[in-house]
Amino acid sequence: MKQSLSWWAFCRQSVTPETLVREAKRIGYAGFDLVPEEHWGLINDAGLTVACVGGHQSLSDGLNRRDNHERIVGQIEENLAKAVKFGIPNLVVFSGNRVGEEDGAEATIEVLRRVAPSAESAGVTLIMELLNSKKDHKGYEADRTEWGVDVCTRVGSSRVKLLYDIYHMQIMEGDVIATIRAHHAQFAHYHTAGVPGRRDLDTDQELFYPAIARAIAETGFDGFVGHEFIPKGETVAAMEEAFRACAV
């Protein structure tokens, strides 16, 4: 199972991009998530993978509004071409926030069906991120595993899956290991962080990541598990601790 690091969470304070990439490779990481485009070459040159980047703008104004579809289709098509060039396996897409009392699932399915053939041709997976609407992303529609699984199943493409964010789904619904076992076929990427606080994968939070990592590995998953927490202390030490917690 490959582990990665979310760039925004670890390339901070006194850690330079070059130091971050060098230390990640030393520890055993296979890549990085959500990397600004100017650093893609640095990561590729180190023999690592840019595991995912954003497929479109924006998180809150997304797939569930039909008046966004032309814009989003154009942005996804452009980013698919970049993903092919740089060997990026996944583009992150977002449902967007709810629009009144409307169920945005139908609109989300429509636009994902439009772009699925291009993703299939490119060999790149569109991963819709599940986020919590309780605390961090008020109003976000894809805030339950059941909603996301239903959308992906109805789209019916091997290149339209979910980014199962363990931190966010622990806040919304819990039952993480059982959910992974039940729905792993629709999960193409994972994100981690401690709950509460979105901090380190340590014993001060409620999730036991060694067991979660084993459950993911037991499904035969061969993608990336990306750490997306803000270290409490020294960045490299937190990277090492997280890698050990999820090494299976």
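To start, this report covers the structure provided alongside it. (Residues numbered from 1 in each chain as written. Predicted model: local features only at pLDDT ≥ 70, side-chain atom pairs only at ≥ 80, totals over all residues. Heavy atoms only, no water.)

### With respect to the pattern of salt bridges
Then, number 1: The tally for this structure, following the rule as stated, stands at 17 salt bridges.
Then, number 2: Here Glu37 and Lys82 are joined by a salt bridge, their closest N and O atoms 3.1 Å apart. Pair noted here: Glu37 is in the loop between β2 (31-33) and α3 (40-45) and Lys82 is in helix α4 (residues 69-86), with a separation of 45 residues, a long-range link.
Then, number 3: The exposure class of Glu37 is partly exposed, given its relative accessible area of 40%.
Then, number 4: Residue Glu70 is joined to Arg114 by a salt bridge in which the shortest nitrogen-to-oxygen separation is 3.0 Å. Here Glu70 is found in helix α4, whereas its partner Arg114 is found in helix α5 (residues 105-122), with 44 residues between them in sequence.
Then, number 5: Of the residues examined, Arg114 reaches a relative accessible area of 41% and is grouped as partly exposed.
Then, number 6: Via salt bridges that share partners, Arg22, Glu23, Arg26 and Glu240 belong to a single interconnected network. (Salt bridge = Lys/Arg side-chain N within 4 Å of Asp/Glu carboxyl O. Helix = DSSP H or I, 4+ residues; strand = E, 2+ residues; numbered from the N terminus. Buried < 20%, exposed > 50% of the residue type's maximum accessible area, 1.4 Å probe, protein only.)

### Remarks on the packing of α5 against helix α6 (residues 145-155)
Then, number 1: Relative to each other, α5 and α6 sit at 40°, their axes nearing to 9 Å. By the angle class used here, α5 and α6 are oblique. The chirality of how α5 crosses α6 is right-handed. Between α5 and α6, the residues in contact are Ala105, Glu106, Thr108, Ile109, Leu112 and Arg113 and Trp147, Val151, Arg154 and Val155, respectively.
Then, number 2: When grouped by side-chain class, the residues that make up the contact of α5 with α6 number 6 nonpolar, 1 polar and 3 charged. (Axes fitted to C-alpha atoms, helices over the stretch in contact; angles between N-to-C directions. Parallel < 35°, antiparallel > 145°, perpendicular 65-115°, else oblique. Left-handed = near helix turned anticlockwise from the far one by under 90°. Contact = heavy atoms within 4.5 Å. Nonpolar A, V, L, I, M, F, W, Y, C, P; charged D, E, K, R; others polar.)

### Here's the deal with the packing of aromatic side chains
Then, number 1: Summed over the entire model, instances satisfying the criterion amount to 8 aromatic pairs.
Then, number 2: Look at Tyr164 and Phe187: their rings are 4.5 Å apart centre to centre, the planes differ by 15°, and that puts the pair in the stacked class. Of this pair, Tyr164 sits in strand β6 (residues 160-165) while Phe187 sits in strand β7 (residues 187-192); the two residues are 23 residues apart in sequence, bridging distant segments of the chain.
Then, number 3: Owing to a relative accessible area of 4%, Phe187 belongs among the buried residues under this scheme.
Then, number 4: Seen from their ring centres, Phe187 and Tyr190 are 5.8 Å apart, and the 85° between their planes marks the pair as edge-to-face. (Phe/Tyr/Trp six-rings, centres within 6.5 Å; stacked < 30°, edge-to-face > 60°.)

### A word on the pairing of β7
Then, number 1: Burial within β7 is extensive, with 6 of its 6 residues counted as buried.
Then, number 2: Sheet topology note: the β7/strand β8 (residues 224-227) ladder contains 4 bridges and is parallel. Of the residues in β8, the one forming a bridge with His191 is Gly226. (Pairing = 2+ DSSP bridges.)

### Considering the nonpolar core
Then, number 1: If you look at the biggest cluster of nonpolar residues, it comprises 82 residues, and the most contacted ones within it are Phe32, Leu112, Leu126, Tyr164, Ile166 and Tyr190.
Then, number 2: Apart from residues lying up to four places away in sequence, Leu126 is in contact with Ile76, Leu80, Leu91, Val93, Leu112, Val115, Ala119, Arg159, Val160 and Lys161. (Core = buried A, V, L, I, M, F, W, Y, C linked by side-chain atoms within 4.5 Å.)

### Quick word on the sheet that holds β6
Then, number 1: The strand order β1-β2-β3-β4-β5-β6-β7-β8 describes a closed barrel built from 8 strands, whose pairing is parallel. Geometrically, the sheet is characterised by an average inter-axis angle of 30° between neighbouring strands, direction not taken into account.
Then, number 2: By the bridge criterion, 4 bridges tie β6 to β7 in an arrangement that is parallel. Bridging from a neighbouring strand, Leu162 pairs with Phe187 of β7.

### Description of the pairing of strand β3 (residues 49-54)
Each regular strand carries side chains that alternate between the two faces of the sheet.
Then, number 1: The pairing of β2 with β3 spans 3 bridges and is classified as parallel. Within β3, the position partnered with Gly31 by the bridge is Thr49.
Then, number 2: Taking the sense of rotation as the criterion, the β-α-β connection linking β2, α3 and β3 turns out right-handed.
Then, number 3: In this sheet, strand β4 (residues 90-93) lies alongside β3 in parallel orientation, the contact comprising 3 bridges. In the sheet register, Val53 faces β4, and the bridge partner there is Leu91. (Right-handed = clockwise from strand over helix to strand, strands pointing away.)

### Digging into the environment of Val155
Then, number 1: Relative to the assigned elements, Val155 resides in helix α6.
Then, number 2: Those residues in contact with Val155 that sit more than four places away from it in its chain are Ile109, Leu112, Arg113 and Val160.

### Describing the packing of helix α2 (residues 17-27) against helix α10 (residues 235-245)
Then, number 1: In contact at an axis separation of 10 Å, α2 and α10 are set at 30° when each is read in the N-to-C sense. The angle between the axes of α2 and α10 places the two elements in the roughly parallel class. Our pair here, α2 against α10, has a crossing hand that is right-handed. On the side of α2, the interface is formed by Leu20, Glu23, Ala24, Arg26 and Ile27, while α10 contributes Val236, Met239, Glu240 and Phe243.
Then, number 2: Grouping the amino acids of the contact of α2 with α10 by side-chain chemistry returns 6 nonpolar, no polar and 3 charged.

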